[in-house]
Amino acid sequence: MNVLVWFKRDLRVDDHPALTAAARLGAVLPVYIVEPEYWALPDTSARQWALTAEAVESLRLQLRGLGAPLVVRVGEAVSTLDRLCRQHRITTLVSHEETGNLWTYGRDQRVAAWARAQGIDWQELPQSGITRRLRSRDGWARRRDTFMAQPPLPPPALQAVPGVEAGQIPSARALKLAEDPCPHRQIGGHAQASALLDSFLSKRGEPYRAAMSSPLGGERACSRLSPHIALGTLSLRAVVQATEARQAERPGGRWTGALTSFQSRLAWRDHFMQKLEDQPRIEIHALHRAADDLRPRIPDPLRLHAWSVGETGLPFLDACMRYLAATGWLNFRMRSMVMAVASYHLWLDWRATGAVLARRFTDYEPGIHWPQVQMQSGVTGINTPRIYNPVKQGHDQDPTGVFTRRWVPELAPVPDEHLQSPWRWEGAQSLLGRRYPEPIVDVAASQRAARDAIFGLRKTADRRDISAIVERHASRADPRFVNDRTPRPRRSAPSPQLSFDL
């Protein structure tokens, strides 16, 4: 029989359970659907599509080598699937389970309803450690590890469904996406992902544990695999097992801590994605519902704009936001900082700022992003608020000022000792409010106000609500779920990282 394989965020042929299962059933029609409505959402962007288009082209080349060319269609998923199934007498649809945003969740519900109505057997298979319809977190890590320990699947031999036009991969302009210059973004595709994995495990990764906190060292020392894992050009299982193989070599030196930390973050990735799988509406509602309206739902437009373009007058924060705009990537601690400053010092609603970061990140993974956005905004009810001081972070993570000066060149005349707080420089009047903005907030005063508001809310929290959140979402005792630099936390205090730069 003919089987349709629906590719989504799994753009590879290696270790692809859905493709392997379909190949065993009959002739395979591999399909990727470009959905214009999805690409018009506020958490998507042209930079993300550029990376995705490259990954789709890479997938097309891989499938061509297996004998079943990729079919690309532009349109709404239900009508596209219905048309293809009718044209090619397909009664079985195979795909991977997807933990996406609320829009993809709703789309999959519509596809499921269509499949039932048309008598289509839609088989959704897991491709990671995420468990659908999870009843309890107890034993979750063990089940995840069991999946990761299974041998990766080789690319299957394919018999193609004949007589199908391949279709074109549309441009960002054809999709009417807004201009989104990102001159230093990563390139998509399986070959690029494999090269990054190899170079990280053989060379670049040795200083990972120490260097990942800084935007200076992290750019090279981090694996940079996050956009590839997000799009599925590599399977997470393949990355886990490649890392285990490197650990088995006992490379010594800093490698031991680096590889342990990396494996921990791979496990954290599934942990956070499970949160969104279990509760899809945390994209728009706080885990701690009493915090839903903690900040104004309509954010201050001037503050939001200044933060998003790197014009807050807080140099290190502005440097990080400009770097993100130009690269589509930011190391983990700086992701936490830019979100925390937006939520605490600028007192902006996390839904608005979270959407800005989502479309800036080329490695945007909704299942990680939204739980982490909430955590850095103090609205989960179970995590200790971490209010990053952007001035202190500048001194700690950019001690020579080279990163700040590169991305905020307006500060060239400011001496090093005042680089992160130019308002204290005696020549500030010649710069601030002219070539570079005055600080948009008083860092110390806004931090105190935010702390008072957050801890005031925590004092009045209903403990039954908090216990329910802990039971459903908190990590259980596992040595991987521990911050590298602190003693093992209570299960209510996960690792402080926003999204996963890896």
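This is a predicted model, so every value here is computed, not measured. (Residues numbered from 1 in each chain as written. Predicted model: local features only at pLDDT ≥ 70, side-chain atom pairs only at ≥ 80, totals over all residues. Heavy atoms only, no water.)

Asker: Could you clarify how one ought to interpret helix H18 (residues 390-397) in this entry?
Answerer: The α-helix advances 3.6 residues per turn, and as a result positions three or four apart in sequence lie on the same side. Among all positions of H18, only Pro390, Val391, Gln393, Gly394 and Gln397 are buried. Taken around the axis of H18, the buried residues stretch over an arc of 165°, which confines them to a single face. The elements touched by buried residues of H18 are helix H9 (215-221), helix H14 (315-327), helix H15 (332-345) and helix H20 (443-459). The residue sitting at the N-terminus of H18 and contributing the capping side-chain oxygen is Asn389; that oxygen lies 2.8 Å from the backbone nitrogen of Val391. (Buried < 20%, exposed > 50% of the residue type's maximum accessible area, 1.4 Å probe, protein only. Helix = DSSP H or I, 4+ residues; strand = E, 2+ residues; numbered from the N terminus. Arc of directions from axis to C-beta. Contact = heavy atoms within 4.5 Å. Polar contact = N/O pair within 3.5 Å; in protein donor to acceptor, adjacent residues only side chain to side chain.)

Asker: Would you mind showing me how to read the packing of aromatic side chains here?
Answerer: For any two aromatic rings, the description comes down to two numbers: the centre-to-centre distance and the angle of the planes. Counting across every chain of the model gives twelve aromatic pairs. Taking the centre distance of 5.8 Å and the plane angle of 90° together, the rings of Tyr208 and Phe262 count as edge-to-face. Taken together, the residues span a long stretch of sequence, with Tyr208 in helix H8 (residues 208-211) and Phe262 in helix H12 (residues 255-278) at a distance of 54 residues. Pairing Phe316 with Phe403 gives two aromatic rings, centres 6.0 Å apart and planes at 65°, and the pair type is edge-to-face. One end of the pair, Phe316, is in helix H14; the other, Phe403, is in helix H19 (residues 402-407), with 87 residues separating them in the sequence. Through successive ring pairs, a cluster of aromatic residues spans Tyr38, Trp39, Trp49 and Trp103. When the ring centre of Trp255 is taken as origin, the NZ or CZ atom of Arg246, which lies over that ring, is 4.6 Å away. (Phe/Tyr/Trp six-rings, centres within 6.5 Å; stacked < 30°, edge-to-face > 60°. Lys NZ or Arg CZ within 6 Å of the ring centre and 35° of its normal.)

Asker: Please explain the nonpolar core as it appears in this structure.
Answerer: Grouped together as the largest cluster of nonpolar side chains are 76 residues, with contacts concentrated most on Trp307, Met337 and Val338. The dominant element in this core, judged by the number of residues it contributes, is H15, at nine residues. Once residues within four sequence positions are removed from consideration, Trp307 is found in contact with Thr312, Leu317, Met321, Val338, Ala342, Leu346, Thr353, Val356 and Leu357. With 31 residues, the next largest nonpolar core counts Leu41, Trp49, Val72 and Leu175 among its residues. (Core = buried A, V, L, I, M, F, W, Y, C linked by side-chain atoms within 4.5 Å.)

Asker: How do you make sense of the pattern of salt bridges when you look at a structure like this?
Answerer: Pairing between side chains of opposite charge can happen when their charged atoms approach one another. This model, assessed by the stated rule, comprises 27 salt bridges. Put simply, Asp292 and Arg289 hold a salt bridge, and the shortest N to O gap is 3.3 Å. Taking the relative accessible area as the measure of exposure, Asp292 reaches 5% and is therefore buried. A salt bridge links Arg335 to Asp363; its shortest N-O distance comes to 2.8 Å. (Salt bridge = Lys/Arg side-chain N within 4 Å of Asp/Glu carboxyl O.)

Asker: I keep staring at the packing of H15 against H18 and nothing clicks. Help me out?
Answerer: Two quantities define a packed helix pair, namely the angle between the axes and the distance from one axis to the other. Remark: H15 packs on H18, axes separated minimally by 11 Å, with the N-to-C direction vectors making an angle of 165°. Viewed along their axes, H15 and H18 adopt a mutual orientation that is roughly antiparallel. In the packing of H15 onto H18, the handedness of the crossing is left-handed. Within the contact between the two elements, H15 uses Arg333, Met334, Met337, Val341 and His345 and H18 uses Pro390, Gln393 and Gln397. The class makeup of the residues in the contact of H15 with H18 is four nonpolar, three polar and one charged. (Axes fitted to C-alpha atoms, helices over the stretch in contact; angles between N-to-C directions. Parallel < 35°, antiparallel > 145°, perpendicular 65-115°, else oblique. Left-handed = near helix turned anticlockwise from the far one by under 90°. Nonpolar A, V, L, I, M, F, W, Y, C, P; charged D, E, K, R; others polar.)

Asker: Just checking my understanding: could you explain the confidence of the model for the chain for this structure?
Answerer: The predicted coordinates ought not to be read in detail in places where the model reports low pLDDT. In this model, the chain carries an average pLDDT of 92, and 92% of its residues clear a pLDDT of 70 or more. Contacts of residues 481-499 to residues separated by more than four positions or lying in other chains number 69 contacts, the stretch itself having pLDDT below 50. (pLDDT = per-residue confidence, 0-100.)

Asker: Hey, could you run me through the sheet that holds strand E5 (residues 121-125) in this one?
Answerer: Backbone-to-backbone hydrogen bonds pair the strands of a sheet. The strands run either parallel or antiparallel. One open sheet accounts for five strands, arranged E3-E2-E1-E4-E5; its pairing is parallel. Across the chains shown, the open sheet's two edge strands, defined by having one partner strand only, are strand E3 (71-74) and E5. When strand polarity is set aside, the average angle formed by the axes of neighbouring strands in this sheet is 25°. The sheet contact formed by strand E2 (residues 27-34) and E3 spans four bridges and is parallel. (Pairing = 2+ DSSP bridges.)

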